[in-house]
Number of protein chains: 2
Amino acid sequence: MLARVSSAPTFKRLPRAIREQQMLDAAVRVFSRRGFHAASMDEIADDAGISKPMVYAYLGTKEELFVACLHREAARMMEAIAGAAAPDLPADQRLWRGLRAFFGFVGAYRDGWAVLYRQARGSQPFAGELAAMRARLVEVVAGMLDHALRAEGREVAETELEVVAYALVGASESLGDWLADHPDADPEKTATRMMNAAWLGAGQLLRGATWRPPAA
Amino acid sequence: MLARVSSAPTFKRLPRAIREQQMLDAAVRVFSRRGFHAASMDEIADDAGISKPMVYAYLGTKEELFVACLHREAARMMEAIAGAAAPDLPADQRLWRGLRAFFGFVGAYRDGWAVLYRQARGSQPFAGELAAMRARLVEVVAGMLDHALRAEGREVAETELEVVAYALVGASESLGDWLADHPDADPEKTATRMMNAAWLGAGQLLRGATWRPPAA
DNA sequence: GCGTAACCTTACGTACGAGTAGGTATGCTG
DNA sequence: CAGCATACCTACTCGTACGTAAGGTTACGC
């Protein structure tokens, strides 16, 4: 029986590499609009125009599939940022280009990035992956700041540097979330605003200005 | 039969109001260590030292229970912050006290706050609740900044103010996450660092200093 | 001292979704 | 054009956990 009755164009067979990408695309879409748990493998398969066992054959279990999504998106993002912020530029330019690339990425892959990212924070199995990725980012930013300060002849304790870098990355992530939630907002403008706050604030801070808590 | 054999103290019957609080306590614990979906109503009931139908009778379905948790924690947090940042203090004091209260709260209710908060971002049903709560916070912070600037005779467009406020709130949330992940970190110190970045950076920014993107 | 209401229980129905078994078609290599 | 590996399918098993039915027990008013 096996209804091959459909008048629809009997879908072509595709090589594994391509189908895998299609599946990942579908998985990102579904994970992002449903959340990890509410997403069903059936829906993902359906969305990819394929049947469920294929997904299992190529990408493995649901968790493995999610991790694969995470890795692909993370790699894309890191590539975009690293590619934009060439190390031979002056520091403010590097930070600016990096931020612009970051927000550009978030703007382009709105549902992709934002929700994957949001999802990954909650559930134990993926928190580690995310933490590693964030650590790499923090390191890069801290390197930028350090470079800039050395050029001015200043030096700052590593811990302090890292906290500031962490704050910058955190603020950017938050504005990334904000951007993903406001489809009509402009990534470029958002990047400019972030750059303002970052450069002015962190700049002052690392240059030695401090605010001290009152005695009370 | 109905094994009332346990040598444990036959648990006293308690009035509804108290049991509800115990259930909420348990729910927060379990949600925070398992995540919304992986948490089972059975485990929550067990953790509360009560049986499942009681939970349904008092707090309703799983989603309703989670929302109840969210509301209680949010209310506690807003109260802590608002109570600390009395409106008759000078602006920097208000911001400082607010931040200190915020990080103090996060530090005290580590698993409570952080994971509830992280959970709520992912799943559709709760995103709205969280957005509303954050909006209130942003409004408060924007009010503080506005107040401070008016005192100096300056005035800033409302949109701009809101974005800065959003960035501050976002950065604080991120550092809150960080704090929740580092059990040996000091809330007070974290608050000081945040205050430094916020006051110096935002202060400059709102006072008219700007960084402009290069032509290229 | 007794009923009524609120508290609390064990034990189930049921649905949904992860993962699999086993079989069919199609392109490539000789 | 044989045959083999790879792409692909339908249809199932089975565990898990939400939500509920129906009944037992303690406190409190009269």
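Refer to the structure presented above.
Here is what the cut-offs are and how they apply
- Residues numbered from 1 in each chain as written.
- Chains lettered and ligands numbered in written order.
- Predicted model: local features only at pLDDT ≥ 70, side-chain atom pairs only at ≥ 80, totals over all residues.
- Heavy atoms only, no water.
- Near = heavy atom within 4 Å.
- Polar contact = N/O pair within 3.5 Å; in protein donor to acceptor, adjacent residues only side chain to side chain.
- Helix = DSSP H or I, 4+ residues; strand = E, 2+ residues; numbered from the N terminus.
- Contact = heavy atoms within 4.5 Å.
- Expected span 1.5 Å × (residues − 1).
- Buried < 20%, exposed > 50% of the residue type's maximum accessible area, 1.4 Å probe, protein only.
- Axes fitted to C-alpha atoms, helices over the stretch in contact; angles between N-to-C directions.
- Parallel < 35°, antiparallel > 145°, perpendicular 65-115°, else oblique.
- Left-handed = near helix turned anticlockwise from the far one by under 90°.
- Nonpolar A, V, L, I, M, F, W, Y, C, P; charged D, E, K, R; others polar.
- Salt bridge = Lys/Arg side-chain N within 4 Å of Asp/Glu carboxyl O.

## Quick word on the protein's contact with DNA strand D
Moving on, step 1. Close to DNA strand D lie 22 residues; R13(A), R19(A), R13(B), M41(B) and K52(B) are nearest.
Moving on, step 2. The contact atoms of DNA strand D, taken as those within 4 Å of the protein, divide so that sugar and phosphate hold 55%.
Moving on, step 3. Note that a phosphate oxygen of DNA strand D is positioned 3.2 Å from one of the backbone N or O atoms of A39(B).
Moving on, step 4. Within the side chain of Y56(B), an N or O atom sits 3.2 Å from a phosphate oxygen of DNA strand D.
Moving on, step 5. The set of elements that each furnish at least two residues to the surface near DNA strand D consists of α1 (16–34) and α3 (52–59) of chain A together with α2 (41–47) and α3 (52–59) of chain B.

## Topic: the environment of E63(A)
Residues and elements named next belong to chain A.
Moving on, step 1. Within the element layout of this structure, E63 appears in helix α4 (residues 62–84).
Moving on, step 2. Once the C-alpha coordinates of E63 and P125 are considered, the two residues, 62 residues apart in sequence, prove to be 8.3 Å apart.
Moving on, step 3. Not counting chain neighbours up to four residues away, the residues in contact with E63 comprise F36, P125 and F126.

## Some points on the protein's contact with DNA strand C
Moving on, step 1. The full set close to DNA strand C counts 20 residues, and R13(A), K52(A), R13(B), R19(B) and S51(B) are the nearest of them.
Moving on, step 2. The share of sugar and phosphate among atoms of DNA strand C within 4 Å of the protein is 54%.
Moving on, step 3. Within the backbone of M41(A), a nitrogen or oxygen atom sits 2.8 Å from a phosphate oxygen of DNA strand C.
Moving on, step 4. In the environment of DNA strand C, a phosphate oxygen lies 3.0 Å from a nitrogen or oxygen atom belonging to the backbone of K62(A).

## Some thoughts on helix α6 (residues 110–122) of chain B
Side chains of residues three or four places apart in an α-helix project in the same direction, reflecting 3.6 residues per turn.
Residues and elements named next belong to chain B.
Moving on, step 1. Between the first and last C-alpha of α6 there are 19 Å, a value that for 13 residues agrees with the 18 Å anticipated at 1.5 Å per step.
Moving on, step 2. For α6, a buried count of twelve out of 13 residues is recorded, marking the element as mostly surrounded by other parts of the structure.
Moving on, step 3. Buried within α6 are the following residues: R110, G112, W113, A114, V115, L116, Y117, R118, Q119, A120, R121 and G122.

## Details of α4(A)
Moving on, step 1. Taking 1.5 Å of rise per residue, 23 residues should cover 33 Å, and α4(A) covers 33 Å from first to last C-alpha, within 8% of that figure.
Moving on, step 2. Taken together, the buried residues of α4(A) touch α1, α2 (41–47), α3, α5 (91–108), α6 (110–122) and α7 (124–151) of chain A.

## A word on the packing of α7(A) against helix α8 (residues 158–181) of chain A
Residue and element names in this part refer to chain A.
Moving on, step 1. Packing of α7 against α8 brings their axes to within 8 Å, and their N-to-C directions diverge by 120°. As the angle between them shows, α7 and α8 are arranged oblique. Read as a crossing pair, α7 and α8 show a hand that is right-handed. Where α7 abuts α8, its residues R134, L137, V138, V141, A142, L145, D146 and L149 lie against L161, E162, V164, A165, Y166, L168, V169 and E173.
Moving on, step 2. For the contact of α7 with α8, the residue count by class is twelve nonpolar, no polar and four charged.

## With respect to the environment of V30(B)
Residue and element names in this part refer to chain B.
Moving on, step 1. Its location among the elements puts V30 in helix α1 (residues 16–34).
Moving on, step 2. Residue class for V30 comes out buried when judged on its relative accessible area of 0%.
Moving on, step 3. Along the primary structure V30 and M41 are separated by eleven residues, whereas in three dimensions their C-alpha atoms are 9.3 Å apart.

## Digging into the pattern of salt bridges
Moving on, step 1. Counted under the stated rule, the structure contains 26 salt bridges over all chains.
Moving on, step 2. Among the ionic pairs, D42(A) bridges to K52(A), the shortest N-O distance being 3.5 Å. Of this pair, D42(A) sits in helix α2 while K52(A) sits in helix α3, placing them ten residues apart in sequence.
Moving on, step 3. Close ionic contact of R16(B) with E20(B) constitutes a salt bridge, the shortest N to O distance being 3.0 Å. Within this pair, R16(B) and its partner E20(B) are both found in helix α1, separated by four residues, close to a single helical turn.
Moving on, step 4. Judged by its relative accessible area of 43%, R16(B) is partly exposed.
Moving on, step 5. If you follow the salt bridges from partner to partner, you end up with R29(A), R33(A), R34(A), E43(A) and D47(A) in one network.

These values are about where atoms sit, not about what they do.
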